Amino acid sequence: MKQNRLLAILTFFILFSLNAFDANAQIGSVKGQIINSINNQPVPFAAVQVKNTTIGASTDDKGFFELKGIKPGFIRLIVSSLGYQNAESGDIFISNENVPFVEIKMQPSTQQLKEVKISAGIFRQSDIAPVSMQRLGIKQIVDNPGSNRDISRVIQSLPGIGSTPNYRNDIIVRGGGPSESRFYLDGIEIPVLNHFATQGASGGPVGILNADFIQSLNYYASSFPADRGNALSGVFEFFLKEGSHDKNHFQFAVGASEAAITSDGPLGKKTSYIFSVRRSYLQFLFSAFGLPFLPTFNDYQLKTKTQFDSKNQLTIISLGSYDQMKLNTGIKNPDASQQYILAQIPVNNQWSYTIGANFKHFTKNGFHTFVLSRSMLYNQLYKYPDNNTSLRRSLDYESKQSENRIRYEYTFLQKGYTFNFSTNLDFLKYYNTTTQDVYENDSTQYAQYETLLRTTGYGLSGQVSKKYFGDRLSLSLGIRFDGNNYNSNMSNPLKQFSPRFAASYAFNEKTSVSASLGRYSELPAATTLGFKTNNIYANKSTSSYIDANHYNLGLSYQPDKNMFFQLTGFYKFYENYPINLVTGSSLANEGAAYSSVVGTVPAIFEGKGKAYGFELVNRLNFEHFNLIASYTFVRSLFTDLNGNYIPSSWDSKNLITITGSQALKRNWQIGFKWRFVGGLPYTPFDLQKSANVQAWNATGKPYLDYNLLNADRLPSFNQLDMRIDKKYFFKKWSLWLYIDVQNVYNFQYKGQDYIIREKAPDGSYLTTNNGADYVLQSIENISGTVLPTIGIIIGF
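Residues numbered from 1 in each chain as written. Predicted model: local features only at pLDDT ≥ 70, side-chain atom pairs only at ≥ 80, totals over all residues. Heavy atoms only, no water.

> I'd like a description of the overall build of the protein chain, backed by residues and values.
Secondary structure assignment for the protein chain yields nine helices and 49 strands. For 796 residues, the compact-globule estimate of 2.2 N^0.38 gives 28 Å, and the C-alpha radius of gyration of the protein chain, at 27 Å, lies within 12% of that figure. With respect to the three principal axes, the spread of C-alpha positions in the protein chain is 90 × 65 × 45 Å. Within the protein chain, buried positions represent 58% of all 796 residues. Residue pairs at least 24 apart in sequence account for 67% of intrachain contacts in the protein chain once pairs closer than 6 positions are excluded. (Helix = DSSP H or I, 4+ residues; strand = E, 2+ residues; numbered from the N terminus. Rg over C-alpha atoms; globule rule 2.2 N^0.38 Å. Buried < 20%, exposed > 50% of the residue type's maximum accessible area, 1.4 Å probe, protein only. Contact = heavy atoms within 4.5 Å.)

The following block contains the structure:
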């Protein structure tokens, strides 16, 4: 801690010292093109203006523009043209050493005279999801306090998304499980979002996505577009930056846990690129602080975009990770928490990649989209009893999971109606070999199985949207069908019929009411479909799609273009949720443990669940001040094997997140984020079973008492994070420094107690009952510390 504080003080000294060399007189520029959102044709002679300035220009006959003399920093562009709805760009970062290229899409106007002026700014509502969608721009992403430029943690700042106090990146939307969301990069699905990912869920300790790539994010908590299937609680659409069309640009960044280098620029006249690599140094930091595990992660990310002509364009994206972890068994005299973690956590090694192509062909009134992608995850987990490598492994898990996807979409505008049709094929290959010790029937069993599973999934969807009464009323209707050849329960797409409907009515320029309902289906995880007992797929006869019915009602109020308020009520009802036949617990409760795999259990697909509550959101977007404040009341309950509704592991009841930033003079900025998470339910330990020597040795950890499933509740958690940024802009390069302090007021969180084995003076473990039982000890689990970090970003 003393070292961290010295670093923080040193950084402040550097910041104030460099302030004498500030270069505020430098100016930058931006280039781009204005296009028709439907047919990609250029919009000539459109008026483009930097928001809140007098800097502006008109596009040429090909829709191109260039704006000069712009003060460095974040800006937005306002665009207007006859026959189109006004448009506002996302955040654009202006610096002296780089000329960003932006593409702004304008939607053709369907009304000559509008009865109500509908805002086209950052708070604009979607026809498809008028009540359950939020947008974030690059400014809110890269400056997010406490997130250390980790996009997965930025997501946890959004309304309705819960988080856990153990610094993981699990995505828990409105009380749903961490396996219920889907993620897309420029329309290409990415199944692995985090390093050391929890297979079968969404979580992990560190995000893979590089924040320098992200231009904006659309987050759907419901009302999912019909062409986005296989989601129950959330859909996240990331839109990536486009590389500069002007010249090559480089950026070097050092943050709390890793170093990164990013490059972007032109590849010929028609293609641009952006590429980055990152490597962590967490293993050195963790070793210095005596933490029991030493992780190392590496990743890369790539995007190219080729504009063949105004009718044809191709985007290629790729990202990958390589993660390795060692146990820090060299700790002398480990304390209780170190003993607990070392005893139970397995070694985890992973690598993953996704590569995909998105080709668009534009017609007079629409466009065709062809998407082809491949994803791969290799996951290895192993554990030696008491970390003694001379013994046989008590757990040895290795899997390879590949997914090849093909999707076609056709979107077009006809007489004021916007249509979208899509079809997709998904090819899954899942290989798994597992050997592990299992304690059951009062003895240790050596379980072993090997799986090679291949399945084919298929889907079909259609959606139509239209505005009426001078754009006061918007309606959207969608349907979707999904199927999979895994078994007869899932092969018929008619059984997975997923209708959805959304409507919004604007009473005036400021107030509107919205509603949506829909039914959504999700394929169970490959880990569950591929699980075997006695060399037979244990879940093949009972597996089915998991279904969820959503109901939403919201009231929105926007007093001006910079302020937005929304109150939303929601209800989700789940059917066919898998229940673990061994523990009797719904699989919705699982997915937040380190180095784990979710779903490798025998299950019955008869579970039900419900998550309901309301959400209050306030967003402010002034020129120098931004705020996202939300309060969510949510209850989350799922049935056990006896059909009883039990509070889920995500039943936090109360969620509060307030994130704000204030831009100051001379390119200073200060920001804060405050989170409150209500106490989460937990299952107490079965101390009698855990004390059994055979039982403990089989897993190296205590056993939960599932007769008391989530019967206890932890205290609430709250934390304040703060961040100070300072940017310097020179003629040919820029410097960005920041200090990020997590848990400013040092909140101490009490988690579930650690259970460890007591030791004798000679280091052996104490036993009772003639050596049949260990002597267990309960140790209070208190966590929380002030964590200051520094970051340096150099662009040239």
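> Let's hear about the sheet that holds strand S1 (residues 28-36): which residues, and what values?
One open sheet accounts for three strands, arranged S4-S1-S9; its pairing is mixed. Only two strands of the sheet have a single neighbouring strand rather than two, namely strand S4 (64-70) and strand S9 (101-106). Sheet twist, expressed as the average angle between the axes of neighbouring strands with direction ignored, equals 30°. Note that S1 and S9 share six bridges and pair parallel. (Pairing = 2+ DSSP bridges. Axes fitted to C-alpha atoms, helices over the stretch in contact; angles between N-to-C directions.)

> Let's hear about the side chain of Ser585: which residues, and what values?
Summarising the element assignment, Ser585 is placed in the loop between strand S35 (563-580) and strand S36 (603-621). Residue classification places Ser585 among the buried positions, given a relative accessible area of 2%. Looking at Ser585, its side chain comes within polar contact range of the side chain of Asn589, at 3.0 Å. (Polar contact = N/O pair within 3.5 Å; in protein donor to acceptor, adjacent residues only side chain to side chain.)

> Go over the nonpolar core, please, and point to the residues and values.
In this structure, Ile155, Leu158, Leu185, Leu209, Phe236 and Phe238 are the most contacted members of the largest nonpolar core, which totals 40 residues. Of all the secondary structure elements, the ones that give two or more residues to this core are helix H2 (138-142), helix H3 (151-155), strand S13 (181-185), strand S17 (214-220), strand S18 (234-240), strand S23 (312-327), strand S25 (366-383) and strand S44 (734-742). (Core = buried A, V, L, I, M, F, W, Y, C linked by side-chain atoms within 4.5 Å.)

> With reference to specific residues and values, describe a nonpolar patch on the surface.
Judged by side-chain polarity, Phe250, Phe252, Ile261, Phe275, Val277, Trp733 and Phe796 come together as a nonpolar surface patch covering roughly 580 Å² of accessible area. For the nonpolar patch, the secondary structure elements donating two or more residues are strand S19 (249-254) and strand S21 (271-280). With respect to the secondary-structure elements, Ile261 resides in strand S20 (residues 258-266). The class of Ile261 is partly exposed, set by a relative accessible area of 39%. (Patch = residues over 30% accessible without salt bridge, like charges linked within 9 Å, V, L, I, M, F, W, Y side chains within 5 Å. Areas by Shrake-Rupley, 256 points an atom, 1.4 Å probe, with all protein chains shown as cover. Salt bridge = Lys/Arg side-chain N within 4 Å of Asp/Glu carboxyl O.)

> Could you give an account of the environment of Ser422, with specific residues and numbers?
Here Ser422 shows up in strand S27 (residues 417-440). The buried category is assigned to Ser422, whose relative accessible area is 5%. Residues Ser422 and Phe747, spaced 325 residues apart in sequence, show a C-alpha to C-alpha distance of 49 Å. Beyond its immediate chain neighbours, meaning those up to four positions away, Ser422 contacts Asp227, Tyr408, Glu409, Gly459, Leu460, Ser461 and Arg480. Among the polar contacts listed, one links the side chain of Ser422 to the side chain of Ser461, at a separation of 2.4 Å.

> Please set out the environment of Asp442 residue by residue, giving values where relevant.
Mapped onto the elements of the fold, Asp442 is located in the loop between S27 and strand S28 (443-468). In this structure, the C-alpha to C-alpha distance between Asp442 and Ala695, residues 253 residues apart in sequence, is 8.1 Å.

> Tell me about unusual backbone geometry, and please be specific about residues and values.
Here the phi dihedral of Phe196 falls at roughly 50°; this positive angle occurs in a residue that is not glycine. The exposure class of Phe196 is buried, given its relative accessible area of 9%. A positive phi angle, near 70°, is found at Asp471, a position not held by glycine. Within the element layout of this structure, Asp471 appears in the loop between S28 and strand S29 (473-484).

> So what's going on with the sheet that holds strand S14 (residues 188-189)? Which residues, and what values?
Strand pairing in a sheet relies on backbone hydrogen bonds, with the paired strands running either antiparallel or parallel. Reading across the sheet, the five strands line up as S10-S17-S18-S13-S14 and stay open at both edges, with mixed pairing between neighbours. In this open sheet, the two edge strands, each paired with only one partner strand, are strand S10 (133-137) and S14. Here S10 runs beside S17; their pairing, made up of five bridges, is antiparallel. Its bridge partner being in S17, Gln134 is matched across the sheet by Tyr219.

> Which residues make up the side chain of Gln134, and what values do they have?
Of note, Gln134 is situated in strand S10. In this structure the side chain of Gln134 is engaged in a polar contact, spanning 3.3 Å, whose partner is the side chain of Arg619.

> Describe in detail the pattern of salt bridges, supporting the description with residues and values.
Throughout the structure, instances matching the rule amount to 30 salt bridges. The closest approach of N and O atoms between Asp753 and Lys750, which form a salt bridge, is 3.2 Å. A residue is classified by how much of its surface remains accessible, and Asp753, at 25% relative accessible area, is partly exposed. A single network of salt bridges, built from pairs that share partners, joins Arg182, Glu189, Glu403, Arg405 and Glu522.

> Describe in detail the pairing of S18, supporting the description with residues and values.
S18 sits mainly inside the fold: six of its seven residues count as buried. By the bridge criterion, six bridges tie S17 to S18 in an arrangement that is antiparallel. In the sheet register, Ser216 faces S18, and the bridge partner there is Phe239.

> Describe helix H5 (residues 336-344), and please don't skip the residues or the numbers.
Along H5, the residues that are buried comprise Ala336, Gln338, Tyr340, Leu342 and Ala343. Turning to H5, the residues buried within the fold contact S23, S25, strand S45 (749-757) and strand S48 (776-783).

> Which residues make up the environment of Thr315, and what values do they have?
Mapped onto the elements, Thr315 comes out in strand S23. Owing to a relative accessible area of 9%, Thr315 belongs among the buried residues under this scheme. For Thr315, the contacting residues outside a window of four places in its chain are Asp186, Lys303, Thr304, Lys305, Gly356, Ala357 and Asn358.

> Would you mind going over a positive patch on the surface in detail, with residue names and values included?
Together, Arg374, Lys400, Lys429 and Arg454 line one region of the surface with positive charge. Look at Arg454 and you get exposed, because its relative accessible area is 55%. (Lys, Arg positive; Asp, Glu negative; His and termini not counted. Charge placed at Lys NZ, Arg CZ, Asp CG, Glu CD.)

> Before we move on, can you summarise the packing of aromatic side chains with the specific residues and values?
Under the counting rule described, the total for this entry stands at 38 aromatic pairs. A centroid spacing of 6.3 Å and a plane angle of 10° characterise the contact between Phe419 and Phe421, whose relative ring orientation is stacked. Assessed through its relative accessible area of 41%, Phe421 is described here as partly exposed. Ring centres of Tyr571 and Tyr612 lie 6.1 Å apart, and the angle between their planes is 25°; on these two criteria the pair is classed as stacked. Linking Tyr571 in strand S35 with Tyr612 in strand S36, this pair joins segments that are 41 residues apart in sequence. Cluster of aromatic residues (ring-pair linked, three or more members): Tyr410, Phe412, Tyr417, Phe419 and Phe421. Here the basic side chain of Lys610 rests over the ring of Tyr645, its NZ or CZ set 4.5 Å away from the ring centre. Just above the ring of Tyr728 sits the side chain of Lys726; from NZ or CZ to the centre is 4.8 Å. (Phe/Tyr/Trp six-rings, centres within 6.5 Å; stacked < 30°, edge-to-face > 60°. Lys NZ or Arg CZ within 6 Å of the ring centre and 35° of its normal.)

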